[in-house]
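Spelled out from the first residue to the last, the chains are:
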Amino acid sequence: MAEQISQEGMHNQSYQYIIETIIPPERRSQVYDFWRTDKVLKDRCQFIATLYQKYIDNATPENYFVALLADFLLEGLYFYNGFIYFYNLASRMLMPGSADIFKMINRDELSHVRLYQKLIPEARKVFPHSIEQIYSMFDMAVEHECRWTNHIVGNNILGITESSTEQYTKYLANIRLRSIGLDPLYPEPKYSKSPYTHLERFSDTKKEAHTKANFFEATVTSYVMSSGLSGWDEI
Ligand SMILES: [Fe+2]
């Protein structure tokens, strides 16, 4: 969890770097304050924040489980449509540097997902909760994520449509549920596959799941931790 917190700190720095590189100073506060004026964004943030707040206000075992689940939703569902946006641009050679940053953030997020995939099944044995509640939280998170993505991206970017956003978000919800031992919430066959498999070579989160570059031909951008790394002495 300490590692997760430190990575989230780096992600904030990366987002800030992107914003400050591409947005002129007079428009930056508009970006940082967008949640104040945009109701869809505010609702989306508030949904997750309220779940945490419930535990802060009333620290019961039930509310602790809800807070854990909120984190799983945040790590496992939120953000991914945003990553897809940049992979789509990268597939047309647009903003490849930003896509590289997102590739690394994406990899970190998946390690946080894995942490919660271990935690939640254990927590289910200990903390009072109901399966209906888990499903309804997932359903609401999917709704917020689709509403926000349709609002901010919609059908305006080549490669993303309102329907691919819905398919992808429900697909993600299904695989996250399965990873904690529950049945998929959206059983229709189309929600069992991602509409964005053609972007996986840009995300580089499949296979070994670390961003790689040929050491001698590219700038090394990853900080892969490997157990079997040898050859350093020769270098
Ligand atoms: Fe995270």
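Placed above this text is the structure.
Residue numbering note: each chain is counted from 1, following its sequence as written. Where totals are concerned, whole chains, interfaces and linings use all residues; where local detail is concerned, this predicted model gives features only for residues with pLDDT of at least 70, and gives and counts side-chain atom pairs only at 80 or more. Neither water nor hydrogens contribute to the side-chain values; these are computed over all heavy atoms in the structure.

A. Molecular detail of the overall build of the protein chain. From N to C terminus, the protein chain includes 10 helices and zero strands. Element order for the protein chain, N to C, with α for helix and β for strand: α-α-α-α-α-α-α-α-α-α. Think of it in three bands: with a 1.4 Å probe and only protein chains considered, a residue is buried below 20% of the maximum accessible area for its type, exposed above 50%, and partly exposed in between. Classification of the 235 residues of the protein chain by burial places 39% in the buried group. In this analysis, two residues are considered to be in contact whenever any of their non-hydrogen atoms come within 4.5 Å of each other. Long-range pairs, those at least 24 residues apart, make up 73% of the contacts in the protein chain between residues at least 6 apart in sequence. Secondary structure elements are defined from DSSP: runs of H or I of at least 4 residues count as helices, runs of E of at least 2 residues count as strands, and each element is numbered from the N terminus.

B. A look at the packing of helix 8 (residues 131–152) against helix 9 (residues 162–179). Axes, fitted as lines to C-alpha atoms, cover a helix only where it is in contact. Angles between the N-to-C directions of the axes lie from 0 to 180 degrees. The N-to-C vectors of helix 8 and helix 9 enclose an angle of 155°; their axes lie 10 Å apart at closest approach. The angle between helix 8 and helix 9 places the two elements in the roughly antiparallel class. Between helix 8 and helix 9 the crossing geometry is right-handed. For the pair helix 8 and helix 9, contact is made by Ile134, Tyr135, Phe138, Val142, Glu145, Cys146, Thr149 and Asn150 and by Glu162, Thr165, Glu166, Thr169, Lys170, Ala173, Arg176 and Leu177, respectively. To sort the angles, those under 35 degrees are grouped as roughly parallel, those over 145 as roughly antiparallel, those from 65 to 115 as roughly perpendicular, and the leftovers as oblique. Throughout, a crossing is termed right-handed when the near helix is turned clockwise from the far one, and left-handed when it is turned anticlockwise from it by less than a right angle.

C. Here's a closer look at the environment of Glu122. Here Glu122 shows up in helix 7 (residues 96–126). Through-space distance from the C-alpha of Glu122 to that of Ile180 is 9.6 Å; in sequence the pair is 58 residues apart.

D. Region of the structure containing helix 6 (residues 80–91). One less than the number of residues in a helix, times 1.5 Å, gives the span that helix is expected to have. With 12 residues, helix 6 should reach 16 Å at 1.5 Å per residue; the first-to-last C-alpha distance of 16 Å fits that figure. Counting buried positions over the 12 residues of helix 6 gives nine, a clear majority of the element. If you check which residues of helix 6 are buried, you get Tyr80, Asn81, Phe83, Ile84, Phe86, Tyr87, Asn88, Leu89 and Ala90. Where helix 6 is buried, its residues touch helix 1 (2–22), helix 5 (61–76), helix 7, helix 8, helix 9 and helix 10 (200–203). Note on helix 6: the residue one or two positions beyond its end, Met93, has a positive phi of about 65°.

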